[in-house]
Structures are given as C-alpha cells and as structure tokens.
Amino acid sequence: LGEIRQPLKDVAATVAVTLRYSLLQAQDNVDFRTFVTYCGPIGNQSLLPDPDQLLSDLQRGVRAGRFKVDDVPFALQLVLGMLSYTYREIAEARLGRKAMDDTTRYALRMLGLSDPVAKALVQIPLPVVPVTCHAARLPAIAPPDLVQQSLAALPHPTPKNTID
C-alpha cells in the first residue's frame, strides 16, 4: 500500500486508496476471513488503516482545503466506524464488491468532496491482494466457537474506582 500511497500528490486520492485497499483486503484476503471465522468480530480491527496515518491524512486534507471537516478526530472515528461495519458485513457475506467503492465514496463525500470527484477517486487502480497457497486446505465449515467461549471464561479485572 505504501508503494501506491507514496507517489500520490492529492490527499483525497491517498485517503481513497487507503480506504479501498483495506476494504479489498476484507473482501479478498482469505487469511483475514479465516481469522474472523475462528476468532469472531475481534478480528475486524486487524485490517483497519493505521489511525494515526489516516488522522494525519485528514488533517493534511483540511489544511490543503481539500476536505471540509470541522472536527477531524470525530471524522476519523466516523470513517473507521464505516470501515468496521463494512468489514463485518463482508465477513457475513451480506455485502459484495460494490460495497468497497460505495463505502469509500460515501466517506469521501462526508469529508466534503462532491459526488463526481468521489466517484473518480474510487477508480484509482489498487494492488492485487496476493492469494495464499494454503487456502484450499481450509475447512469448508466454520469451527465451533471455542475461542469466544475461552475468552468469555477468562477472568476480567474489575476497574479500580479512582473516586474516593
């Protein structure tokens, strides 16, 4: 992803490529989908773009006048929330490939870009996600939810009350 981000001069193009690439990984990365199958929703966070990098991109876009955002940290959380939701829906096979471009386009529109510009930015070519060679040996059905049961059985520390 860095190889594609680096030569881009337009911060909106950089954000579009970053969002679409992470969604492409959720759609096509067999290892990611297998991890989510075995571990549940906790795995959805593994493909989110680096929040610090995305925050920096959003701030750069606001400074350059490319994005019209009043509260950049809040906008960042909205974008990450959109991605998390889309990942879950992809993992559950409720969204197809069109959702990658739509999610990216809607995020760009939320940042203040016009729809024609957002549509053009989602057309930037992305790198191919490598196919893992062991994908054919994976089980065809989802395993029992042993990991989630094990996690639920672990003791959870009680937060200390700091108010006297």
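Residues numbered from 1 in each chain as written. Predicted model: local features only at pLDDT ≥ 70, side-chain atom pairs only at ≥ 80, totals over all residues. Heavy atoms only, no water.

Caption draft 1: Quick look at the packing of helix H4 (residues 51-63) against helix H5 (residues 72-91). The interhelical angle for the contact between H4 and H5, taken along N-to-C directions, is 125°, at an axis separation of 10 Å. When the interaxial angle is binned, H4 and H5 end up oblique. Handedness of the H4/H5 crossing: right-handed. Taken together, the residues of H5 that come into contact with H4 (itself represented by Pro51, Leu54, Leu55, Leu58, Gln59 and Val62) are Val72, Pro73, Ala75, Leu76, Val79 and Leu80. Taken together, the residues that form the contact of H4 with H5 break down as 11 nonpolar, one polar and no charged. (Axes fitted to C-alpha atoms, helices over the stretch in contact; angles between N-to-C directions. Helix = DSSP H or I, 4+ residues; strand = E, 2+ residues; numbered from the N terminus. Parallel < 35°, antiparallel > 145°, perpendicular 65-115°, else oblique. Left-handed = near helix turned anticlockwise from the far one by under 90°. Contact = heavy atoms within 4.5 Å. Nonpolar A, V, L, I, M, F, W, Y, C, P; charged D, E, K, R; others polar.)

Caption draft 2: Structural detail: the nonpolar core. Val15, Phe67, Leu83 and Leu121 are the most contacted members of the largest nonpolar core, which has 32 residues in total. Those elements giving two or more residues to this core turn out to be helix H2 (11-28), H4, H5, helix H6 (98-110) and helix H7 (115-121). Counting residues per element, this core draws most heavily on H2, which supplies 11 residues. If sequence neighbours within four positions are ignored, Leu121 has contacts with Asp10, Ala12, Ala13, Ala16, Arg66, Leu108 and Leu113. (Core = buried A, V, L, I, M, F, W, Y, C linked by side-chain atoms within 4.5 Å. Buried < 20%, exposed > 50% of the residue type's maximum accessible area, 1.4 Å probe, protein only.)

Caption draft 3: Region of the structure containing the confidence of the model for the chain. When the pLDDT values of the chain are averaged, the result is 76; 66% of them are 70 or greater. Scored below 50 in pLDDT, residues 131-151 shows 17 contacts in the model against residues more than four places distant or in partner chains. (pLDDT = per-residue confidence, 0-100.)

Caption draft 4: Here's a closer look at the pattern of salt bridges. If you walk through the whole model with that rule in mind, you get nine salt bridges. Note that Asp57 is salt-bridged to Arg60, the shortest N-O span being 3.5 Å. On the criterion of helical spacing, the pair formed by Asp57 and Arg60 is a turn pair, its members being three residues apart in helix H4. Glu89 is paired through a salt bridge with Arg94; the nearest N and O atoms lie 2.7 Å apart. Looking at Glu89, the relative accessible area reads 11%, which means it is buried. (Salt bridge = Lys/Arg side-chain N within 4 Å of Asp/Glu carboxyl O.)

Caption draft 5: Examining a nonpolar patch on the surface more closely. Among the surface-exposed residues, Phe74, Leu78 and Met110 lie close enough to one another that they form a single nonpolar patch of about 260 Å² accessible area. Topologically, Met110 is positioned in helix H6. Since its relative accessible area comes to 33%, Met110 is described here as partly exposed. (Patch = residues over 30% accessible without salt bridge, like charges linked within 9 Å, V, L, I, M, F, W, Y side chains within 5 Å. Areas by Shrake-Rupley, 256 points an atom, 1.4 Å probe, with all protein chains shown as cover.)

Caption draft 6: Spatial organisation of H5. Its 20 residues give H5 an end-to-end C-alpha distance of 29 Å, which sits within 8% of 28 Å, the value for a rise of 1.5 Å per residue. For H5, the complete set of buried residues consists of Val72, Ala75, Leu76, Val79, Leu80, Leu83, Ser84, Thr86, Tyr87, Glu89 and Ile90. Along its buried surface, H5 packs onto H2, H4 and H6. Trailing H5 by a residue or two, Ala93 shows a phi angle of about 60°, which is positive. (Expected span 1.5 Å × (residues − 1).)

Caption draft 7: Focus on the side chain of Ser22. Structurally, Ser22 is set in helix H2. With relative accessibility at 4%, the residue Ser22 sits in the buried group. Among the polar contacts listed, one links the side chain of Ser22 to the backbone oxygen of Leu19, at a separation of 2.9 Å. (Polar contact = N/O pair within 3.5 Å; in protein donor to acceptor, adjacent residues only side chain to side chain.)

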